[in-house]
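Listed here are the chains, written in short residue letters.
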Amino acid sequence: MSKVLVTGGYGLVGSMFNKPNYIPLSSSEADLRIREDIDNVFEKIKFDGVIHCAAKVGGVGGNMNYKGEFFYDNILMNTNVIESARVHRIKNLVSFLSTCVFPDKVDYPLTEKKIHLGPPHSSNDAYAYAKRMADVQIRAYREQYGLNYKSVIPTNIYGINDNFDIENGHVVPSLIHKCFIARETNTPLTIWGSGTPLREFIYNKDVAKLTEWVLENYNEDEPIILSTSEEISIKEVVEMIIELMNFKGEVKWDTDKPDGQFRKPSDNSKIKNYLPDFKFTPLYDGLKETISWFESNYENVRGKKSIHSNQI
Ligand code: NAP
Ligand code: GDP
């Protein structure tokens, strides 16, 4: 493929596509909620493929507090990018769903066939319904126009270039940031919820490698789950981060904060069948690399909070 557009190209996932023919796009170059902006991008350069990473993304806090924005921004971005790609005769596109889009109550493990079988968890329903519509749009375009458009479904992603915002970010970047502040200011580290919920984490570099493969090689009507299929409790993740960051202070659990969905275990057999030799980065190794990057780049990380702030 000679030219591939990466929307959200400077984000957690988008920044991991390093081939010279992959061209990153930022929101300052094109606000994808505006159809004309994405049309202009496709009119200036002839792309053969699109990896659509751009989205309004957040953890359980962001999803609960900004439901309107999460719905509106995501449904517009997805609708515009997918339709504009079609109009500009781009044959190949990958869009991102998430294991958050699955029903809250459904038989486990989650498989590609279960996306629409019931309502999503209330903590992220606005985001989930907006994302589900991208799945509907892609299936419709495959059927009517015969385009090789498809979606990937990653589990919780983490890695360098994440959004480390403490209130709205995902659990791993928020914990790294909070642990750093607690260590530097000798204050307690406060964790949200009970620590019992289970999650599956995937490293952003692994997501990028697998997505490149999907763009070039995958052409089925159903999306494909990108997952290690290894569950770990939030409490265990906290313990790993504390050890890796050499935090010796007090740890508090704020059970007034939400636990979110209890678990969302996914079945990775489809990707494993295609790529049986793919080696996922172990969580410990990925966290180690992410923490080391965070500590060296603290001044410039997304969502940075001053360690002198009294809002901690
Ligand atoms: P991210 O780091 O927040 O990157 C998303 C990028 O989207 C941002 O960098 C932002 O670009 C861009 N964006 C937001 N609003 C935009 C707008 N109006 N116009 C143009 N661009 C806009 O998110 P990510 O974690 O890499 O997520 C990539 C994809 O994976 C998303 O579709 C997300 O839903 C999905 N996903 C993420 C996770 C996770 O745990 N992070 C899990 C499952 C699925 P600028 O920085 O240029 O403003
Ligand atoms: P989710 O997988 O969509 O629910 O998103 P998150 O990445 O936000 O993970 C949420 C889980 O981590 C919930 O069980 C939270 O209670 C727990 N958690 C513990 N501390 C934090 C924190 O500081 N930030 C976030 N976002 N979640 C936390």
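This write-up is about the structure you can find in this document. (Residues numbered from 1 in each chain as written. Chains lettered and ligands numbered in written order. Predicted model: local features only at pLDDT ≥ 70, side-chain atom pairs only at ≥ 80, totals over all residues. Heavy atoms only, no water.)

Judged by side-chain polarity, Phe71, Tyr72 and Tyr129 come together as a nonpolar surface patch covering roughly 310 Å² of accessible area. Position of Phe71 among the secondary structure elements: in helix 3 (residues 67-87). By relative accessible area, which is 36% here, Phe71 ends up partly exposed. (Patch = residues over 30% accessible without salt bridge, like charges linked within 9 Å, V, L, I, M, F, W, Y side chains within 5 Å. Areas by Shrake-Rupley, 256 points an atom, 1.4 Å probe, with all protein chains shown as cover. Salt bridge = Lys/Arg side-chain N within 4 Å of Asp/Glu carboxyl O. Helix = DSSP H or I, 4+ residues; strand = E, 2+ residues; numbered from the N terminus. Buried < 20%, exposed > 50% of the residue type's maximum accessible area, 1.4 Å probe, protein only.)

With their axes 9 Å apart at the nearest point, helix 1 (residues 35-44) and helix 3 run at an angle of 40 degrees to one another. With respect to helix 3, the axis of helix 1 lies oblique. As helix 1 packs across helix 3, the resulting crossing turns out to be right-handed. Residues Arg35, Ile38, Asp39 and Phe42 of helix 1 pack against Asn80, Val81, Glu83, Ser84, Ala85 and Val87 of helix 3. (Axes fitted to C-alpha atoms, helices over the stretch in contact; angles between N-to-C directions. Parallel < 35°, antiparallel > 145°, perpendicular 65-115°, else oblique. Left-handed = near helix turned anticlockwise from the far one by under 90°. Contact = heavy atoms within 4.5 Å.)

Once that is clear, we can look at the site of ligand 1. Around ligand 1, a shell composed of 26 residues is seen, among which Leu12, Ser27, Tyr127, Lys131 and Arg302 lie nearest. Separating an oxygen atom of ligand 1 from a side-chain N or O atom of Ser27 is a distance of 2.5 Å. In the environment of ligand 1, a nitrogen atom lies 3.0 Å from a nitrogen or oxygen atom belonging to the backbone of Leu32. The fraction of the free accessible surface of ligand 1 (890 Å²) that becomes covered by protein chains is 88%. Counting only elements with at least two residues in the shell around ligand 1, the list comes to helix 4 (125-145) and strand 6 (156-158). (Near = heavy atom within 4 Å. Polar contact = N/O pair within 3.5 Å; in protein donor to acceptor, adjacent residues only side chain to side chain.)

Attention now moves to the packing of aromatic side chains. Under the criterion given, the structure shown has 14 aromatic pairs. With centroids separated by 6.1 Å and ring planes inclined at 65 degrees, the aromatic side chains of Phe70 and Tyr127 adopt a geometry described as edge-to-face. Pair noted here: Phe70 is in helix 3 and Tyr127 is in helix 4, with a separation of 57 residues, a long-range link. Tyr127 shares its class with Phe70; the two are buried. Summarising the aromatic geometry, the rings of Tyr158 and Phe201 are spaced 6.5 Å apart at their centres and angled 80 degrees between planes, so their arrangement reads as edge-to-face. Here the residue Tyr158 occupies a position in strand 6, and Phe201 occupies one in strand 9 (residues 201-203), the gap between them amounting to 43 residues. Just as Tyr158 is buried, Phe201 falls in that class too. One aromatic cluster in this structure is built from Phe164, Phe180, Trp293, Phe294 and Tyr298. The ring of Tyr145 carries the charged tip of Arg86 above its face, separated from the ring centre by 4.4 Å. (Phe/Tyr/Trp six-rings, centres within 6.5 Å; stacked < 30°, edge-to-face > 60°. Lys NZ or Arg CZ within 6 Å of the ring centre and 35° of its normal.)

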